[in-house]
Structure formats: C-alpha cells, structure tokens
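Understanding the architecture of this molecule
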Amino acid sequence: MKPARTRFAPSPTGHLHLGGARTALYAYLLAKQTGGQFLLRIEDTDVKRTIPGAEQEIIDGLHWLGLDYDEGPDIGGKFAPYRQTERREIYQRYAKILIDNDKAYPCFCTPDQLEKTRQEQLKRKENPRYAGTCRNIPPAEAAKRSADGEAHTVRFKMAQEGVTIAHDHLRGDIATDNKQLNDQVLIKSDGLPTYHLAAMVDDHEMQITHVIRGSEWLGSFPLHVNIVRAFGWEEPTWVHLSVFLKPSGKGKLSKRDSAEANKDGHSVFIKDMEDLGFTPEGVLNWAALMGWGVAEDDVLTLSQMIERFSIDSLTPSPAAVNFQKLDHFNATHIRRLTPEDLSARLKPYFTREGLKVNDDVLQKIIPLIRERLTTLDDCLAFGAFFFKEDVSPTPEDLIAKGLDAKQSAEVAKKCLEILSSLASIDHATAEPALRAYVEESGLTPNQVFGILRVATTGQKVSPPLFESMEIIGREKCLQRIQTALQLLEKI
RNA sequence: GCCCCCAUCGUCUAGUGGACUAGGACGCGGCCCUUUCAAGGCCACGACCGGGGUUCGAAUCCCCGUGGGGGCACCA
C-alpha cells in the first residue's frame, strides 16, 4: 500500500473523548503502517464554541496515548498552519473559485429571515431547507452587493436534479437523491468557513489520502463529495467509523455519560484516564477493538496494532462500550510491563498520597503486587503499608475466623515469640517456622496467617504474607505484631 | 416528519455461498492451585432479529418487515 496521509481533525470545543481517541488511533495506525504521515489539524472555525485550553488538552491527550503526529499546530509542517482560523484567506480563495464557476453564490438572507422560513416549513411539516432566495441573483448584482459591504454568506449551489453516489469504504456506494440535498453555507458572514468547506479544502491542500471520521458525518457526506467534485479534485478514501453507544446500548455515548462512568472509576474523557490509573496501552487496546474486528489474540500493543491494522476489517455497526473490558485490558498490559517500567509508573500514585517512596522497596514489591493491579492506583490498596511507619488495623480484623479475641491474642503472642527467636525473617526462614507452629497448634493456616497479615500489613487483603514481611523488615514486623497483641488484649 | 446507516452469544467481535456441531475475547457460573486477594490452568453456559425469495446448498446474496443508531444550523 502506498504511504497514507491521514489526519485527526477535532474542534477545540470540549474534552478529548473516547470516540475521538479511537478515530485518532485508526488514522495513526494507517499512516504508520504504510509509512505515511499522521497529522493533527484544529478545526476552530466556530469561534463562539471554541474553549480556551481545549486544543492543549487534545495535544496532551494524544501525547499521553502515544499517538505522535508528524505535522500539527504546535510543531508545524509542510502545510502549515494547521489551525483553521489561521487559514481564512485560503478558504476565501477557494470559495471565490466556486463562485466564479457558478458552483456557489453569495447569500444575503439574514438569520432572522432564515429562521422564519424554517419555522414556516416546520409548521407545514416540510423538510426544513434553504428556500433558494439568493440562488438566482444575477452574478454581477451579487458581486456588487458584496463589494458594497452587504453582509452575506456563501452557499454551495447544489444540483437540484439527479443522484449523488458517494463511496464509503465500509459501506459501499451510498446513493442520495439530490432533491434531499441543500444549498449549505460554505462561508459564514464572519468570513470564516463552515466545516464543509474548510475540511474539504484542507484535506485537499494537505494531501490527505484517507479521511477517517465519525459516522455522524454520514449525513453531510453527499454534500462533501459534491464539494470535492465541484473543485475537480481527486477524492480521498472515505472511512466513516461506527459510533460508540452507552454501555446499555441505548443511545450514543455522550459527555453526560461520564458522570455515570465515574461512579465505578471510569471515564469517557482521555484527560481522566491517567488519574484513574489507566495506562495508554490499556485504553488504546480497548478502544481499538470496538469497531475493529480482530479474530483472536486480542491483547495488542501499539506496534502490534500498526502491524495488523487494516481499514478493511473495520466494522460499520455501532458498538456499546464495556468498561469491564477496559479493566481487563488495563490489567493485562500492566502485567506485561517490565518491572522497571511499572515501578516508574506506580511511583506517582504513591507520592500523590503523600507517601515517601523508597525506590529499593518499590522494586521489591513489584512482583508481589503486579498481578493484583487492575488500575495503577490499585497499588495503594496493595502496597501503601510498605511505605508507612505504622499501620492501624481495626481490632476486629485481628480476630481470626473461629477464634475469639483471647485466642487470637495467644496466636499473635506465639508468632511474636517465634519470629523474635529468628535472626532473620526472610520468607524462607519465617515460613517453615510458622508452618510448624500451625501444625502443632491444630489451627488452620488461614487463622494464623490471617492474624499475622492484619497485624503486619494492617489489612485483611494483602500481597503474599511472608514475602511482604520480609520487605517490611524484622524490626517493624515485630513492633507491629506487638501493637496488634496489645490491641487484642484490650478487647 | 424526511433522509441515511446498521443488525451473529449480555457486550466487543470472527465469518465474504459448502471446511459451522457458528470460533475468540470480556463478563457470568463451576473446578484446580492457594495463607488473603489476585494471577494462572481447566470446564460450563451462551448468538446467526422475523418473513419471503435466489441456490443442489445461506449467518453469508436479494426483497419486505421489525428493531437500533445517526443526521436534517451562518455547530463541528
């Protein structure tokens, strides 16, 4: 396949979300696989809706995901600028070409007038569409009026007869009766282009070979191919991706669903993912597989995805998101990280809780906690006690199942004796000694080790006991058991 | 209202007319392992939306229903 040039072209009007991330991913994969370029273009022509900081969030999000672009607003490139508000003259120039070729015309209708006819059409149960008022103004007159400074837009002169055949790579030919099509606004009265013109012009100028975008564009797809054809340009390959549905499958996934997702530690916004303990690998793998059919072996790294990706195996049907699957992919990728990589990623989660991380200890606990982590921040639940001076178990937790407080205290006392008598509490030394005690006492391992676990780690669920005790160290362990013993004796 | 798109286990999907007793993954249930929790291993449950065609043969092609989704701005 020839090198593909693809682009991710979001508008800076909100947070970078899941759907955007997946669109960017597919565009990235295709470009990288074919040895082409992936670029970022900011579609900020709706000045009123532009949100300060949104562009930076998009950039940060792509960077976090590891979807590095070859050209973009912050790094420039051969076709700069990559921010549409900085390309105003370019669109003006192309709009004029269309007007000169009778493919577009200035429209002097005011928003009020348009809204009025719109309401009337609605009342008559008609399709709201442009009435064509300015379509037939003689070009000379129109040119004079706009030259005189009369406020106007520029509309596309859509063919009123015939059929438009648009070809989508996933769906084949889509035929639309031109009567259904409208004379859409290309240039707004503020002089800036609408998406329809801007995107087509830029994709052409920037030599985009594959337009990968959401299926919400399918409605204006016929318009877009008409614009491209009016210019006489070669069409890119059009790939309209399926939409993401709410977990229930009822309706499109929207920003509002994030509140619901947040309840169980998930989000639809990329900016939240890191805080929630997700890895870029997990998020990417998860997003990739909604809409891309991989037969088997679906745990994939980014480079494996680059190898295996194909726009031919994309699916056109909507996909309901499943956050449990995100958990699974995240956990799987965490386990595949090298110990060094994992400890580097874990450290911030400990420090953000105010814990002082000893790198030596961190290294040692990795093998103990790695297969227990679903999200990176789970390291707190399984490992925070390694970095604390003291633990504070609740007295009730210290009482083993089937025993009372007094009996549990006996056990703690005996364990303390045994461990005190040992020069080292390496797991290799401590475990046999304690197992021998379990044997002779007639208690279950669960009872004895349970008490020790709560005493030394402060919690009922922890990494393996003996390995943990070894890392905590002899002095601290003895001291913690002593404290636990006192707690039990007070009950 | 009009237009467009989609349709395989609960969910994501494989399947491109015979290799389908419909495969994989998540989840769910069970068992094994086991000091807790995980991880891992094994097993089970579980789907071709309905009706008509075409064909020797249809999950696969066509039509009609139904269901779901998207869109109908001087927003993207």
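Rules and cut-offs
- Residues numbered from 1 in each chain as written.
- Chains lettered and ligands numbered in written order.
- Predicted model: local features only at pLDDT ≥ 70, side-chain atom pairs only at ≥ 80, totals over all residues.
- Heavy atoms only, no water.
- Helix = DSSP H or I, 4+ residues; strand = E, 2+ residues; numbered from the N terminus.
- Rg over C-alpha atoms; globule rule 2.2 N^0.38 Å.
- Buried < 20%, exposed > 50% of the residue type's maximum accessible area, 1.4 Å probe, protein only.
- Contact = heavy atoms within 4.5 Å.
- Areas by Shrake-Rupley, 256 points an atom, 1.4 Å probe, with all protein chains shown as cover.
- Lys, Arg positive; Asp, Glu negative; His and termini not counted.
- Charge placed at Lys NZ, Arg CZ, Asp CG, Glu CD.
- Domains from an automatic or database assignment.
- Axes fitted to C-alpha atoms, helices over the stretch in contact; angles between N-to-C directions.
- Parallel < 35°, antiparallel > 145°, perpendicular 65-115°, else oblique.
- Left-handed = near helix turned anticlockwise from the far one by under 90°.
- Near = heavy atom within 4 Å.
- Polar contact = N/O pair within 3.5 Å; in protein donor to acceptor, adjacent residues only side chain to side chain.
- Nonpolar A, V, L, I, M, F, W, Y, C, P; charged D, E, K, R; others polar.
- Pairing = 2+ DSSP bridges.
- Right-handed = clockwise from strand over helix to strand, strands pointing away.
- Phe/Tyr/Trp six-rings, centres within 6.5 Å; stacked < 30°, edge-to-face > 60°.

For the rest of this paragraph, the subject is the overall build of chain A. Within chain A, the secondary structure is distributed over 20 helices and 11 strands. The C-alpha radius of gyration of chain A comes to 32 Å, more than 25% above the 23 Å expected for a compact globule of 491 residues. Structurally, chain A occupies a C-alpha span of about 105 × 50 × 35 Å along its principal axes. Counting the 491 residues in chain A, one finds 51% classified as buried. Across chain A, every contact between residues at least 6 apart in sequence was considered, and the portion connecting residues at least 24 apart equals 74%. Carbon and sulfur atoms make up 50% of the accessible area of chain A, which totals about 23,300 Å². Between the mean site of the 61 positive side-chain charges and the mean site of the 69 negative ones, chain A shows a separation of 5 Å.

For chain A, the assigned domains read domain 1 (87–240), domain 2 (257–336), domain 3 (339–384) and domain 4 (395–490). Computed over C-alpha atoms only, the centres of domain 1 and domain 4 are separated by 76 Å.

Here we come to unusual backbone geometry. Cis rather than trans, the peptide bond between Ala80 and Pro81 has omega equal to 0°. With respect to the element layout, Pro81 can be found in the loop between helix H2 (54–65) and helix H3 (88–100). A positive phi angle, close to 65°, is found at Asp102, a residue other than glycine. Looking at the secondary structure, you find Asp102 in the loop between H3 and strand E3 (104–107). In this model, Gln207 sits at a positive phi of 55°, which is unusual for a non-glycine residue. Tracing the backbone through its elements, the reader meets Gln207 in the loop between helix H6 (195–205) and strand E8 (210–214).

Moving on: the side chain of Asn330. With respect to the helices and strands, the residue Asn330 is situated in helix H12 (residues 323–336). Judged by its relative accessible area of 0%, Asn330 is buried. The contacts of Asn330, once residues within four sequence positions are left out, are Gly277, Phe278, Thr279, Gly282, Thr374, Thr375 and Leu376.

Once that is clear, we can look at the packing of H6 against helix H7 (residues 221–231). Interhelical geometry of H6 versus H7 gives an angle of 55° and a closest axis separation of 10 Å. When the axis of H6 is compared with that of H7, the two are oblique. For H6 against H7, the interelement crossing comes out right-handed. When H6 is examined against H7, the residues Tyr195, His196, Leu197 and Met200 are found in contact with a partner set consisting of Leu223, His224, Ile227, Val228 and Phe231.

What follows covers the protein's contact with RNA strand B. Around RNA strand B there are 67 residues in total, and Asp46, Lys188, Glu371, Arg372 and Arg453 lie nearest to it. When the atoms of RNA strand B within 4 Å of the protein are grouped by moiety, sugar and phosphate amount to 69% of the total. One of the side-chain nitrogen or oxygen atoms of Lys325 is found 2.8 Å away from a base nitrogen of RNA strand B. With respect to RNA strand B, the side chain of Arg435 contributes an N or O atom lying 2.9 Å from a phosphate oxygen. Tallied by class, the residues present in the surface near RNA strand B amount to 26 nonpolar, 20 polar and 21 charged.

Attention now goes to the pairing of strand E9 (residues 237–241). Among the 5 residues of E9, 4 are classified as buried, and the element is accordingly described as predominantly covered. Here E8 runs beside E9; their pairing, made up of 5 bridges, is parallel. Its bridge partner being in E9, His210 is matched across the sheet by Thr237. Handedness of the β-α-β unit built from E8, H7 and E9 comes out right-handed.

With that settled, consider the packing of aromatic side chains. In total, this model carries 12 aromatic pairs according to the counting rule given. Between Tyr94 and Phe231, the ring centres sit 5.5 Å apart and the planes meet at 90°, which makes this aromatic pair edge-to-face. Here Tyr94 is found in helix H3, whereas its partner Phe231 is found in helix H7, with 137 residues between them in sequence. Exposure class is identical for Tyr94 and Phe231. Each is buried. Measuring from ring centre to ring centre gives 5.5 Å for Trp286 and Phe323, while their planes differ by 40°; the resulting arrangement is tilted. Remark: Phe323 occurs in helix H12 and Trp286 occurs in helix H10 (residues 280–288); sequence separation between them is 37 residues. We note that Trp286, like Phe323, is buried. Three or more aromatic residues joined by ring pairs make a cluster, and in this case those are Tyr26, Trp292 and Phe309.

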